[in-house]
Every structure is written in structure tokens, then in C-alpha cells.
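# An overview of the molecular structure
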Amino acid sequence: MTAIPSPAPPPGPFSSCAPEDVRRVACVGAGVIGGGWAAHFLARGYDVTAWDPSPDAAVRLHRLIAAAWPALEQLGLADGASQDRLTVTATLEEAVAEAQFVQESAPEKLGLKRDLLARLDAAAPAGTVIASSTSGYPMTDMQTQAADPGRLVVGHPFNPPYLIPLVEVVGGERTDPAAVEWASRFYEVAGKSVITMDREVPGFIANRLQEALWREALHMVANGEATVAEIDASITEGPGLRWAVMGPMLTFALAGGEGGMAHMLDHFGPSLKSPWTRLEAPELDRALYEAVVAGCDEAANGRSIADLVAERDRGVIDILRATGRLPRSAEEATR
């Protein structure tokens, strides 16, 4: 990790503070997700104030951050990063009083989210963007009670937030687009890999995909078709290795050989209707066909099928070696 950029450009039109100028972040909710966020922000060199209504929140949060710190040290700490820059406050209002960005990570209960976001909106400084870590609720449904819903966005992380880089950012119907832009830039400055969504999708993107896999896995277990261990091994020893290098779309494009995704759809498209899964497949009409092919071409960004194959293979080999499944050197192979 590198230090937070400085000096920063002038503030944008939405917030009184540019994303590059943020120095104090508030984490409201200090469970696994909120605590993971706090650890990430501390490792990036921010001052972090945190609040959680649980009476033992401070003890649990310090324990979580201490456990995460060795991994964060391996990733690389920003200049000035320290666990000592964490302050656990007695009240929500105190936690956000001077915050330049707020990350809410309360339990997934819609009524609770609505009430908490309204309280945060009332307590946080004017112009401070407030992001929710919700894993499924649209911001449109959560911002209904806030006086200033324009600054409320979704910043959906993946567990643990201090280790997994992805965050999905999207606003609600009443969110100011400038707040979405500001939040996306802030997360990038804070070391995250950002997907800025242009519309609300229930469950967002990555959750929708992993939920489909999870649902099918449960079907297989329930029907005695596979064990938990077999299901996990089928991913970690199979497609998971490829997905760590490139996603499912480009992976399937390579299954089409030199013809790419178009050839793959021509030959394997009909199997979408095969009764392999309990999920209903979409109709593979011409519009979907062309959108998928074009999307893969865009993702390839000029790389040929041969280039992509070489990239995938190098990546998978690196992953196998990094996880101890292959020796790191010829010398190790002979031992």
C-alpha cells in the first residue's frame, strides 16, 4: 500500500472536502464488517472514530483489528498507519461529529438502517458523504427518513473489507450523483477496487453471482448430490483458480478457442436450457448474444485469445504456487 496522496486537488462541488484530503473516517457499527472497515482505514493512515451500541464493542473491535494487523502489514501500511489512531466513542453523535466520511455497517434490518441513516444524516457535518455497507437493500429504500438523502450512498464491501479490495458504489433515487462520484473516488484513494453502478440492482453485482452459486450448492447438499467438502473443492481446485485471474465471462470466452465468446455461445449456448441447475436461464436472444460478445471484446482490451490464455495460465500457476499447491522453484520440486 502507498501513502494517501498529497497534495490534493481542490474540493469537488458536492463536499467541502476532496476525497484526497480526507483524514478522519467514522465507522458506525463495529461487527465483522464495520470492524474490518476500521482496520482497513487505519492501515491506510486515517484517523478512525467508531461507535457501536454493544457494551463490549471497544474490546471486540480492538481484538478484531489486532487480528487483522499482521495481514495488513504484509499488504503494506500507509505512512503513519497505526492502531493507536482508533477512537471508540460513547455516542453515535460523537463518532461522526468531525468525520469527513462515514461508513455505516449496522445489521441487515431495513427499519434499523432507515433510522440509523437518518440519525447519521442529522449528526454528521454538512456535506459529509455517508455510505452504507448493506449487502442487499437499495439505498432508495433506506434513505426515506433522512433530511438530506442526497449524500447517502451504498458502499458495499466484501468480507473481510481489510483484505478483499472490491467495493460496489451506487446511489438511490434521491442521492445526488455527485455524492456517488465523490464516494467512488474516495474509495479508490483509500485503496479499494471500485465498481460504480449506474443503477440499483437488488443484491448488487457480486452478491447476485455468489448467491446463485450458493443457492445451487444448497440444492446439491439437500438432494445428496454432493458434500460440502466436494462443493468447496470443486471451486478451489477448479473454476475458482481461473476466476482469481479473470472473471466468468472472459473465462467462458476462452472456452470458445480462437472464436472466443461467439464460438462458445454457438456451441454451448443451447446447454443453458439443460436441467443442470435449479436456476431459470435467460432467453439467449440476439440482443443478449451480442451484448455478451461485445462485453468480452471490450474486457479483452485488444488482447488476443492467445494473449488471454497466456495471462490466465501464468496467473493460475502463480496462484497454485502461492497457495503451496506447486513448488516455488525447480529446486523445491526435487526435494
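So, here's what we can say about the structure. (Residues numbered from 1 in each chain as written. Predicted model: local features only at pLDDT ≥ 70, side-chain atom pairs only at ≥ 80, totals over all residues. Heavy atoms only, no water.)

Across its full length, the chain carries 14 helices and eight strands. Over its C-alpha atoms the chain spans a radius of gyration of 22 Å, differing by no more than 12% from the 20 Å that the globule rule assigns to 335 residues. Seen through its principal axes, the chain has C-alpha atoms that stretch 60 × 55 × 45 Å. Split into buried and exposed, the 335 residues of the chain put 41% on the buried side. In the chain, of all internal contacts separated by at least 6 residues, the share reaching a separation of at least 24 is 68%. Here the chain contributes 28 positive and 44 negative side-chain charges, whose respective centroids are spaced 3 Å apart. (Helix = DSSP H or I, 4+ residues; strand = E, 2+ residues; numbered from the N terminus. Rg over C-alpha atoms; globule rule 2.2 N^0.38 Å. Buried < 20%, exposed > 50% of the residue type's maximum accessible area, 1.4 Å probe, protein only. Contact = heavy atoms within 4.5 Å. Lys, Arg positive; Asp, Glu negative; His and termini not counted. Charge placed at Lys NZ, Arg CZ, Asp CG, Glu CD.)

Once that is clear, we can look at the packing of helix α10 (residues 248-255) against helix α12 (residues 286-300). Contact geometry for α10 and α12: axes closest at 10 Å, N-to-C directions at 100°. With respect to α12, the element α10 is oriented roughly perpendicular. Taken together, the residues of α12 that come into contact with α10 (itself represented by Met249, Leu250 and Ala253) are Val292, Cys296, Ala299 and Ala300. Residues belonging to the contact of α10 with α12 are distributed by class as follows: seven nonpolar, no polar and no charged. (Axes fitted to C-alpha atoms, helices over the stretch in contact; angles between N-to-C directions. Parallel < 35°, antiparallel > 145°, perpendicular 65-115°, else oblique. Nonpolar A, V, L, I, M, F, W, Y, C, P; charged D, E, K, R; others polar.)

A separate point is the nonpolar core. Judged by nonpolar contacts, the single largest core of 36 residues is most densely connected at Phe41, Tyr46, Phe101, Phe186 and Tyr187. At the level of secondary structure, the elements contributing two or more residues to this core comprise β1 (24-28), α1 (32-43), β2 (47-51), α2 (57-75), β5 (129-132), β7 (166-171) and α6 (177-189). No other element matches the seven residues that α6 contributes to this core. Sequence-distant contacts of tyrosine 187, that is, excluding residues within four places in its chain, are made with Trp37, Phe101, Gln103, Ala131, Gly155, Val167, Val169, Lys192 and Val194. If you look at the next biggest cluster of nonpolar residues, it comprises 22 residues, including Val28, Leu116, Leu117 and Met139. (Core = buried A, V, L, I, M, F, W, Y, C linked by side-chain atoms within 4.5 Å.)

For the rest of this paragraph, the subject is the environment of glutamate 168. By the element assignment, glutamate 168 lies in strand β7. A relative accessible area of 0% places glutamate 168 in the buried class. Taking the C-alpha atoms as reference points, glutamate 168 and leucine 92, 76 residues apart in sequence, are found 25 Å from one another. Here the side chain of glutamate 168 touches histidine 156 through a polar contact of 2.7 Å, side chain to side chain. Within the structure, the side chain of glutamate 168 is placed 3.2 Å from the backbone nitrogen of isoleucine 205, a separation counted as a polar contact. (Polar contact = N/O pair within 3.5 Å; in protein donor to acceptor, adjacent residues only side chain to side chain.)

This is a description of form; function is not addressed.
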